[in-house]
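The chain contents come next:
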Amino acid sequence: MSKKNNKLTLWERYLTKEIGIEFKACLYFFAILFFYCVYRLVIGKVDASMLHMAEMIFATYIIGYLQVYLFWNFDEADSLNGREWLGMGVCTLIYCTLSYLLNWFDKKIWLTVGFGVYVVVMYICVFFIYKSKRHIDDKKLNEDLRLFQAGHKASEDKES
């Protein structure tokens, strides 16, 4: 009689991280594109550069990999401590540097600083979203466990 191994395989752990990076890239790209489009509308333009959008999506993927593999996946942490703030700061600095060098906001320093503040707020919002999701998942798992235990106890009582 063989027991099934319930441990995650290396492939499953890798795949979980990759799916997380994919989700982060989409989420952060949308948020950055929103800021970019609002900027474009404020300056009276109703078009957006496809080159800028391609740069933004590539940046979100690269920074997503940095977040997960180098900066402790800070937006999914249990709390925001020193290393999480460090990761958030470095990634924000990378976004700001790219936005300036790639001319997303016409090399306006004040706008680049505003974009940096927006990115930090974005990271903090995502941190709280992930934290809330974990809390809800924990409640659901605990409820499922209680139902399972109640059902298991009832079946034991019937057998007695």
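Structure: above.
Let us look at the structure shown here.

Calculation rules
- Residues numbered from 1 in each chain as written.
- Predicted model: local features only at pLDDT ≥ 70, side-chain atom pairs only at ≥ 80, totals over all residues.
- Heavy atoms only, no water.
- Salt bridge = Lys/Arg side-chain N within 4 Å of Asp/Glu carboxyl O.
- Helix = DSSP H or I, 4+ residues; strand = E, 2+ residues; numbered from the N terminus.
- Buried < 20%, exposed > 50% of the residue type's maximum accessible area, 1.4 Å probe, protein only.
- Axes fitted to C-alpha atoms, helices over the stretch in contact; angles between N-to-C directions.
- Parallel < 35°, antiparallel > 145°, perpendicular 65-115°, else oblique.
- Left-handed = near helix turned anticlockwise from the far one by under 90°.
- Contact = heavy atoms within 4.5 Å.
- Nonpolar A, V, L, I, M, F, W, Y, C, P; charged D, E, K, R; others polar.

It is worth spelling out the pattern of salt bridges at this point. Tallied over the full model, the rule gives seven salt bridges. Between K24 and E76 there is a salt bridge; the shortest N-O distance is 2.9 Å. In this pair, K24 sits in helix α1 (residues 10-42) while E76 sits in the loop between α2 (50-69) and α3 (82-101), placing the two residues 52 residues apart along the sequence. Between E84 and R83 there is a salt bridge whose closest N-O contact spans 3.6 Å. The exposure class assigned to E84 is buried, which follows from its relative accessible area of 7%. Each member of the salt-bridge network shares a partner with another, and the members are K24, D75 and E76.

Moving on, we come to the packing of α2 against α3. At a minimum axis separation of 11 Å, α2 and α3 run at an interaxial angle of 160°. Here α2 is positioned roughly antiparallel relative to α3, judged by the angle of their axes. Between α2 and α3 the crossing geometry is right-handed. Taking contact as the criterion, the partners of A59, T60, I63, L66 and Q67 in α2 are, on α3, C91, I94, Y95 and L98. For the contact of α2 with α3, the per-class residue count stands at seven nonpolar, two polar and no charged.

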